[in-house]
Amino acid sequence: MNTSIKVLIVDDFATMRRILKNILKQLGFKNLLEADDGTTAIDTLEKNDIDLVISDWNMPRMTGLELLKWVRGNKKYAKTPFLMVTAEAQKQNVIEAVQAGVSNYVVKPFTAEAISEKLKKILK
Amino acid sequence: MDVKLINPFINATLHVLETMAFMTVKPGKPYLKRDNVAKGDVTGVIGLTGVANGTISVTFQERCILSIVSNMLGEKMVHLNEDIADAVGELTNMVSGQARRELEEIGRVFKAAIPSVIMGKSHSITHYTNGPRIAIPFYTDNGDFTIEVCFER
């Protein structure tokens, strides 16, 4: 797993961004950017070259699903790995995310091992 | 209130605290709560809509939430502050999400709003419906917290 890539973490809760950053740092990732909603994430994506997006679903202003659709509709990021990390795990949510092109899905609450396993799958 | 709506919130709370804060939590006996004064010092509230409309709240004693968030973040938390409020919002969100998954399995589909957080001694918890408030106390080695579940009649 290439840990020198640039990762964007999107979640409206700073606590969750900190937890994810802690896990990613333990896995060896160093280039970590963060955004607190979808619109801020798009601004960050436009100004940087992001290799992996990890996003929450349920956020104010712009949801993670809307962000995913923007990412998949953008030439530069159409194939960029996108991991949804969310408490929204009802069947319909998962179907919508898969249809929109999510790379993988982690349900909150999660363990560090669950994040590690999903990242290994989508970054191999 | 249908008791089938209560157990998923108990199960979700145990799972969330065990997974995210590595804490063993012991649930107490549910009871009917008649006032709106919070049992804790910081409370997360989230609205649910679907087969029934209602709210759930999770209210933590200061010592308890400081211990929980310290475990979640891997750093010692000593005061109630914005970081703690943020963590309570996310914990409420996770309990709601986990419980809704279990409820979906028995055919009860709910959607959730964005949680809000209230902090301070003896604050009030406002539920948005007039149904009975079922409170479930939880005990940890570092203080207690209480969940309230309130669905319309």
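Residues numbered from 1 in each chain as written. Chains lettered and ligands numbered in written order. Predicted model: local features only at pLDDT ≥ 70, side-chain atom pairs only at ≥ 80, totals over all residues.

1. Here's the deal with the overall build of chain A
The secondary structure content of chain A amounts to five helices and five strands. What you see in chain A, going N to C, is helices and strands ordered as β-α-β-α-β-α-β-α-β-α. Its C-alpha atoms give chain A a radius of gyration of 13 Å, within 12% of the compact-globule value 14 Å for 124 residues. For chain A, the spread of C-alpha atoms along the three principal axes comes to 30 × 30 × 30 Å. If you take every contact in chain A between residues at least 6 apart in sequence, the share linking residues at least 24 apart comes to 63%. (Helix = DSSP H or I, 4+ residues; strand = E, 2+ residues; numbered from the N terminus. Rg over C-alpha atoms; globule rule 2.2 N^0.38 Å. Contact = placed C-beta atoms within 7 Å.)

2. Description of the confidence of the model for chain B
Detailed reading of the predicted coordinates is not advisable wherever pLDDT is low. Residue and element names in this part refer to chain B. In the predicted model, chain B carries a mean pLDDT of 93, and 99% of its residues have values of at least 70. Across chain B, helix α2 (residues 62-73) holds the top mean pLDDT of 97, while strand β5 (residues 110-112) sits lowest at 90. Two summary scores accompany this predicted model of the complex, namely pTM at 0.92 and ipTM at 0.87. (pLDDT = per-residue confidence, 0-100.)

3. Structural notes on helix α1 (residues 14-26) of chain A
With 13 residues, α1 of chain A ought to run about 18 Å at 1.5 Å a step, and its terminal C-alpha atoms sit 18 Å apart, in line with that. Of the positions making up α1 of chain A, those classed as buried are Thr15, Met16, Arg17, Arg18, Ile19, Leu20 and Leu24 of chain A. On its buried face, α1 of chain A is in contact with β1 (6-10), β2 (31-35), β3 (52-55) and β4 (82-86) of chain A together with α2 and α3 (82-105) of chain B. At the C-terminal side of α1 of chain A, Gly28 of chain A shows a positive phi close to 105 degrees. (Expected span 1.5 Å × (residues − 1). Buried ≥ 20, exposed ≤ 12 C-beta atoms within 10 Å, placed from the backbone.)

4. So, the environment of Lys91 of chain A
Mapped onto the elements, Lys91 of chain A comes out in helix α4 (residues 91-100). Between the alpha carbons of Lys91 of chain A and Gly38 of chain A there is a distance of 22 Å; along the sequence they are 53 residues apart.

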